[in-house]
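Residues per chain, in single letters:
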Amino acid sequence: DFDIIVFCDLDQELFEYAKKLPKKIKKILVLTESVIYTPFAHHLNILVDPVWAYVVSYNREYHTPNTIYYDIPVTGIQLPVNMATCNTDIGCHIASYKNDTRGYTFERDKLITELANKNNIHVYGSGWQFKKNYLGKTADKIQTISQYKYYIALENAKYSGYVTEKLGDAILAEKPSLYFGDIENARRRFGNTFIPLNGLTYKDFNIALEKLNADYDYYKNNVLEEKKKSIYWCDSYHNAMIQAITQ
């Protein structure tokens, strides 16, 4: 027997199961995945269904009385961080090749391929279809990023509140980023630690990189200050869950 049940993301089968449970059981829906991968769970008809006592979500595209918002948690300096020496002026990108057309994944992968082929970055991860400047998988993401001058941080979707661990990883590695995603909430969370990419083209990349290089020390210092605050990066999620469970 139980009093509370938490659903992490959702599909039709789980939704029907939730509705069949006794009303006395408190049901909490927690949205963690990108909208492009879990569209059913983010549909407004699902979110406003009275079956939910609370919806705990990063997604600020909608507003309902029982929604509790959180910032996607990123583990900070409470765990050991390995650093390496930077001996290059280029950047890097760490992700797996998706061969996917949902969200901005196709455009993102196209840009990364072009940047690697033009010697602008080194690429890590799995599945990439090119060889030039592709260095395979990395066992330590933070240590790898720390070897480079900057990081290319690209979200696969742009939704209000969808700011993932990418900027946090770069901050822990003490590197500024070129960032494509929800700029407003990224600034709120991580300050002036990155240059926005206005699009996913080579021209957008060059414009952003020029801005970064023109004031690199400013952004690097901001990164170092933000790293000191990283021990609090999980608090928003913890507090949201505590509120949903105890209220």
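Predicted model, so just to flag it, every value in this text is computed and none were measured. Here, residues in each chain are numbered from 1, in the same order as that chain's written sequence. With the structure being a predicted model, the display of local features is reserved for residues of pLDDT at least 70 and the display and counting of side-chain atom pairs for 80 or more, all residues being used for whole-chain, interface and lining totals. With hydrogens and water stripped out, all remaining heavy atoms of the structure feed into the side-chain values.

Participant: Please explain the sheet that holds strand E4 (residues 67–69) as it appears in this structure.
Facilitator: Pairing between the strands of a sheet comes from backbone hydrogen bonds, and it takes one of two forms, parallel or antiparallel. When DSSP finds two or more bridges between two strands, those strands count as paired. Secondary structure follows DSSP: runs of H or I at least 4 residues long count as helices, runs of E at least 2 residues long count as strands, and numbering of each begins at the N terminus. What the 4 strands build is an open sheet, ordered E1-E2-E3-E4; its pairing is parallel. Bordering the open sheet on either side are strand E1 (4–8) and E4, each of which pairs with just one other strand. With direction set aside, neighbouring strand axes in the sheet form an average angle of 20°. Any two residues whose heavy atoms approach within 4.5 Å at even a single point are treated as in contact. Here an angle of 0 to 180 degrees is reported between the N-to-C directions of two axes, which are lines fitted to C-alpha atoms, with helices fitted over the stretch in contact. Sitting on the sheet, helix H9 (residues 235–246) touches E1, strand E2 (26–31), strand E3 (54–57) and E4, and the angle it makes with E2 is about 160°.

Participant: Help me understand the packing of aromatic side chains, please; the structure alone is not making it clear to me.
Facilitator: Geometry of an aromatic ring pair is reported as the spacing of the ring centres plus the angle between the planes. Working definition: a ring pair exists when centres of Phe, Tyr or Trp rings (six-membered ring for Trp) sit within 6.5 Å. Plane angles under 30 degrees give stacked, over 60 give edge-to-face, the rest tilted. Applying the stated criterion across every chain, the model contains 17 aromatic pairs. When the centroid spacing of 6.4 Å and the interplanar angle of 55° are considered together, the rings of Tyr62 and Tyr69 count as tilted. Consider the rings of Tyr70 and Tyr237, whose centres lie 5.0 Å apart with planes at 70°: the pair is edge-to-face. Within this pair, whereas Tyr70 is found in the loop between E4 and strand E5 (91–94), its partner Tyr237 is found in helix H9, the two being separated by 167 residues in sequence. Throughout, exposure labels follow a simple rule: accessible area from a 1.4 Å probe, protein chains only, divided by the maximum for the residue type, with under 20% read as buried, over 50% as exposed, and the rest as partly exposed. For Tyr70, a relative accessible area of 1% translates into the label buried. Look at Tyr237 and you get partly exposed, because its relative accessible area is 22%. Linked through ring pairs, Phe7, Phe15, Tyr17, Phe40 and Trp52 together constitute an aromatic cluster. Distance and angle both matter: a charge sits over a ring if NZ of Lys or CZ of Arg is within 6 Å of the ring centre and within 35 degrees of the ring normal. The cationic tip of Lys149 hangs over the ring face of Tyr216; the distance from NZ or CZ to the ring centre is 5.1 Å.

Participant: Sorry, what's going on with the pairing of E3 here?
Facilitator: When a strand is regular, its side chains alternate between the sheet's two faces. Here E3 shows a buried face lined by Tyr54 and Val56 and a second buried face lined by Val55 and Ser57. As defined by bridge partners, E3 adjoins E4 across 3 bridges and the pair is classed as parallel. Its bridge partner lying in E4, Val55 is registered against Thr67.

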